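Summary of structural features
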Amino acid sequence: MKLPCEYVVTFVAFVIIPRSVLTGTHPFDKTGDSSDAEIEERVKSVGNSPERMSKLVFDERTKGLSKSVISLLWYMLHPDPSKRTTSERFRRSRWVQGLTASWELLDGSNKKLENYWQKEFRSKLFKKYQKTLGLKGGIATDDQLRMIFTHLDHNHDGKIDEGELAEELESIGLSKDDVHHIYNAITHGKEKGVSFEEFITVLKHELPMKDIEYYKMKFKTIIAREVLSRKHTQTESLHAAARRLFVSMDLDNNGTLDCHELRLLLRSLGVNEKEISMLIASVDSDRDGDLTFEEFASAVCSTETTSHA
């Protein structure tokens, strides 16, 4: 019976130490002057009450912590042992992996940077062709944009590659690095050349429906393949297998998959980092940054399958 006791003590210490480091206080000793007996009494007073746990441990001391770390600590300290975080969920937590802060910052800064280079591209291009095509107020018709596109597409293959773009933009004073940034911003890192539709999208600042459908279909293909590989039996429904995959990826147990949890899944399946954001955005139908199971299942399963309970 000694091993389970040691395990419990080690686990509690494992939770209390990071909680104390993050807040500067022991979770059950706000002032730091309580005796061991007093701390023990508070721990025992929690019983199986989540409300009591919240009142004692998750008070004003945790207000400065991110939602993901609070969720992680909560499930590590959950009064009900059966609901506590497993070692696997702890290991894959986006906070433990350093994703909470870094991806929020990177996603925001990358988007701002992408918008900046797209704006720079529009500005430089319109300025160059303003007199030639009679552009007014930075606005061009589709026919005028087609003329510009044709001029840039030197080999007439229907796409503008980085070399063709560089030849044009370097002639008006942009550096090779600037051209590279612009090219990445207007191709979203797909590196397959800029089609006329993408060219129009950037210059008119619209989101093409075909890109949404392309990434939505790609997301469905990738995830459906993973769901099928996880079916326990041939008779298990795709919907049931999708539910199990969804639950396994919902690291904070809040009933939704956020962008960090989806990143972990897509990354583990070998998806190119540059495409992950586009894949997530394509299936986030209400644009709240989270996927409910209904959105997830709708993106993966057929209408007939998702209608089953």
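To be clear, the structure that these remarks concern was listed above.
The present account deals with the structure reproduced in this document. Since the structure is predicted, the reported quantities are computational estimates derived from the model, not experimental observations.

**Points about unusual backbone geometry**
A negative phi holds for most residues other than glycine; trans holds for most peptide bonds. Residues other than glycine seldom take positive phi values, yet H156 does so here, at roughly 55 degrees. Relative to the helices and strands, H156 is located in the loop between α7 (142-152) and β1 (159-160).

**A few points about the packing of helix α2 (residues 36-46) against helix α3 (residues 50-57)**
In the contact formed by α2 and α3, the axes pass within 8 Å of each other and the chain directions differ by 145 degrees. In this structure, α2 uses R42, S45 and V46 to contact α3, whose residues at the interface are R52, M53 and L56. Its residues assigned to classes, the contact of α2 with α3 shows three nonpolar, one polar and two charged.

**Let's talk about helix α13 (residues 259-268)**
Most of α13 is tucked away, with seven of its ten residues classed as buried. Listing the buried residues of α13 in full gives H260, E261, L262, R263, L264, L265 and L266. One or two residues past the end of α13 sits G270, with phi positive at roughly 85 degrees.

**Considering the environment of L279**
Along the chain, L279 turns up in helix α14 (residues 273-283). Residue L279 is classed as buried on the basis of its relative accessible area of 0%. Remark: the alpha-carbon pair of L279 and Y214, spanning 65 residues in sequence, is separated by 9.0 Å.

Calculation criteria
- Residues numbered from 1 in each chain as written.
- Predicted model: local features only at pLDDT ≥ 70, side-chain atom pairs only at ≥ 80, totals over all residues.
- Heavy atoms only, no water.
- Helix = DSSP H or I, 4+ residues; strand = E, 2+ residues; numbered from the N terminus.
- Axes fitted to C-alpha atoms, helices over the stretch in contact; angles between N-to-C directions.
- Contact = heavy atoms within 4.5 Å.
- Nonpolar A, V, L, I, M, F, W, Y, C, P; charged D, E, K, R; others polar.
- Buried < 20%, exposed > 50% of the residue type's maximum accessible area, 1.4 Å probe, protein only.

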